[in-house]
Amino acid sequence: MDISGIKTLTGILSKNSEMQLPEKTGYKVLALIAVLGIMIPCTAIVGFISYVMTEALIEVENPGGGMLFEMQILSAFSMIFGILVIFSILFFSSDREHFVTLPIPSHHLMMAKFTYAYFAESVMEFMILVAVFVGYFIAVGRNLGLSEALNPISIISSIVGVLLIPLVPMIYCAIFSVILMAVLSGVKDTKIFYRISTIFLMLFALLFLLSLRGIGDINMENYVESLGSGSNLFLKTLNIIFFPVPWLSNAISKGSILWLLLYLLGNVVLVAVLYFVGKALYQRGLYTAASLGSSKKAEIKTRDISMDSQFRASFMKELRVILRTKAFSGNCAYINVLWPVGAFLLFHFNKNKGFISEFIAMYGEGKERAEMILLMVVLGIAFIATALNSLASTAFTREGQHLSLIKYIPVPYETQVYAKATLSLIFTFPSLVLTDIIISLYMGTPVYMCIYFILTSLLAHVISIVIGMWMDSSAPYVEWDDEYSALRGNLNTFFNMAVMMVLSMVVILLGVIIYELMKLPILAFYIILFVILTGVMIRLVYVGKKRIIANISEMS
């Protein structure tokens, strides 16, 4: 294996593969907000969960059980969401035609692409793994003593784990992609490849549901107990699939260098398997990808589009891009279904127990604090859901290297802006309405309050759309190789999420000031919040539209 050649190729692929932070003070502030408002809180929560689970499992003499479960969960998610990314980078990135004509062995190109994808996709997972191990070591130190927590082999093993835990699932994704492309070379429809991630998701979800059988009441205490006893079907299955992970868990919990060496050997063997599979089949897969691309281009040439309305034509173009691109449809459109489904599952299975039951009772008794919290939750969902689907914050990034066309096609800038905003509206707002209705039904809120929730959600949604489009038009990320890179590498999506989280916290702070400090009635909070949101929305739409149009005119 030519390590130096693969390393050089990886460096070439990594260069300019992610959006660079614009040299503007505002963006640096947004980056700080994103780190403080998203990355650090997420890792802190994971670390706390790891700490609690480790403490619980220490009592049944299985301190590494919680850590193992979290590592396996991360492995499963890496495989579910990594399959399409790896598949796209290996076979459908825009640089494929340039590299295949060079005197480079195809399997070296595959290994370089895999290495680039591995590190690009695993940055956040590295941080989460650090939190997992920190939570574990704190719990061990508090309950078993510092000598156990500060074992050098355990610490070294955890550092190795941070870097290598995502490797096994990503190797599986790459091997599967290469074999599938080679075996199904006669298939001319890429949908069969893209449906694989859905199948993986359903299989893992089924395994998780099966693991709930036999634990009694479905709660965290009983589930943790099943982990400690070793009877959890979900964990047992993941231990077989991602077989090196339990070896790392043993190396950390037992401070064993033999388990660590075995873990490293397992990873080396899997990398070697990927290398030789790529050497045998990757070239054939590239031929399949080339034929798929050709047939797709030929099909597009035969089509003609005729529209009487410029707005309708612009909107239909945006709609086709979203629905016909797997990366955009899954991450931007269909993800909105999670909110009403999540709300239904949360309330349906917890309405008679735990915190949800107590909160419903508080609301039913007319406690104003419960009413205020519910409104904050509804608005938080509206802000975050709009940012999470990134429809607004990738409005111009999705144009890619053809971004300049929007300046020269005979359609007014304002019409194109409205078309992009409408797309976000029709994909996001109906799911917010359904979520508000589900919450209102389970909480027993009056009809007029449900309508109020829907109206305030609309205001928050429009605010999020304008901010997202404003940011993306200021610094669109156009030099992406594939659609997944357009989503993953676009800092505007990350920054928009940070801004929405700040706005959610501002709403919470406003409620605290009005209700807790000024002691005004809850009705005053409703009225003041609605007036403020309405004023902000009107001002943003007026000013934001002008700035977005000005940004379009300045695009090169």
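In what follows, the accompanying structure is described. (Residues numbered from 1 in each chain as written. Predicted model: local features only at pLDDT ≥ 70, side-chain atom pairs only at ≥ 80, totals over all residues. Heavy atoms only, no water.)

Considering the packing of helix α22 (residues 413–443) against helix α23 (residues 447–474)
- As a packed pair, α22 and α23 sit with axes 9 Å apart at the nearest point and diverge in direction by 150°. By the criterion of interaxial angle, the relationship of α22 to α23 is roughly antiparallel. Crossing hand, α22 versus α23: right-handed. Where α22 abuts α23, its residues Val-417, Lys-420, Ala-421, Ser-424, Leu-425, Thr-428, Phe-429, Leu-432, Val-433, Asp-436, Ile-437 and Ser-440 lie against Cys-450, Phe-453, Ile-454, Ser-457, Leu-458, His-461, Ile-465 and Met-469. (Axes fitted to C-alpha atoms, helices over the stretch in contact; angles between N-to-C directions. Helix = DSSP H or I, 4+ residues; strand = E, 2+ residues; numbered from the N terminus. Parallel < 35°, antiparallel > 145°, perpendicular 65-115°, else oblique. Left-handed = near helix turned anticlockwise from the far one by under 90°. Contact = heavy atoms within 4.5 Å.)

Thoughts on the environment of Val-462
- Mapped onto the fold, Val-462 is located in helix α23.
- Taking C-alpha positions, Val-462 is 6.8 Å from Met-537, a pair spaced 75 residues apart along the chain.
- Sequence-distant contacts of Val-462, defined by excluding residues within four places in its chain, comprise Met-537 and Val-541.

Quick notes on the packing of aromatic side chains
- What the rule picks out here adds up to 14 aromatic pairs.
- Ring geometry for Tyr-275 against Phe-276: centres 5.3 Å apart, planes inclined by 85°, an arrangement best described as edge-to-face.
- Exposure remark for Phe-276: the relative accessible area of 53% places this residue in the exposed category.
- Through pairs of rings, three or more aromatic residues link up here, namely Phe-114, Tyr-118, Phe-119 and Phe-126.
- Cation over ring: Lys-420 sits above Phe-396, and NZ or CZ is 5.3 Å from the ring centre. (Phe/Tyr/Trp six-rings, centres within 6.5 Å; stacked < 30°, edge-to-face > 60°. Buried < 20%, exposed > 50% of the residue type's maximum accessible area, 1.4 Å probe, protein only. Lys NZ or Arg CZ within 6 Å of the ring centre and 35° of its normal.)

A closer look at the pattern of salt bridges
- Tallied over the full model, the rule gives seven salt bridges.
- Its salt-bridge partner being Glu-318, residue Lys-317 comes within 3.0 Å of it at the nearest N-O pair.
- Take Lys-317: its relative accessible area is 33%, and that puts it in the partly exposed class.
- One salt bridge in this structure joins Lys-420 and Glu-318, with 2.7 Å as the shortest N-O distance. Of the two residues, Lys-420 is situated in helix α22 and Glu-318 in helix α16 (residues 310–324); the sequence distance between them amounts to 102 residues. The pair Lys-420 / Glu-318 is uniform in exposure class, with both members buried.
- One network of salt bridges, with partners in common, ties together Lys-317, Glu-318, Arg-398, Glu-399 and Lys-420. (Salt bridge = Lys/Arg side-chain N within 4 Å of Asp/Glu carboxyl O.)

By themselves, these figures tell us nothing about what the structure is for.
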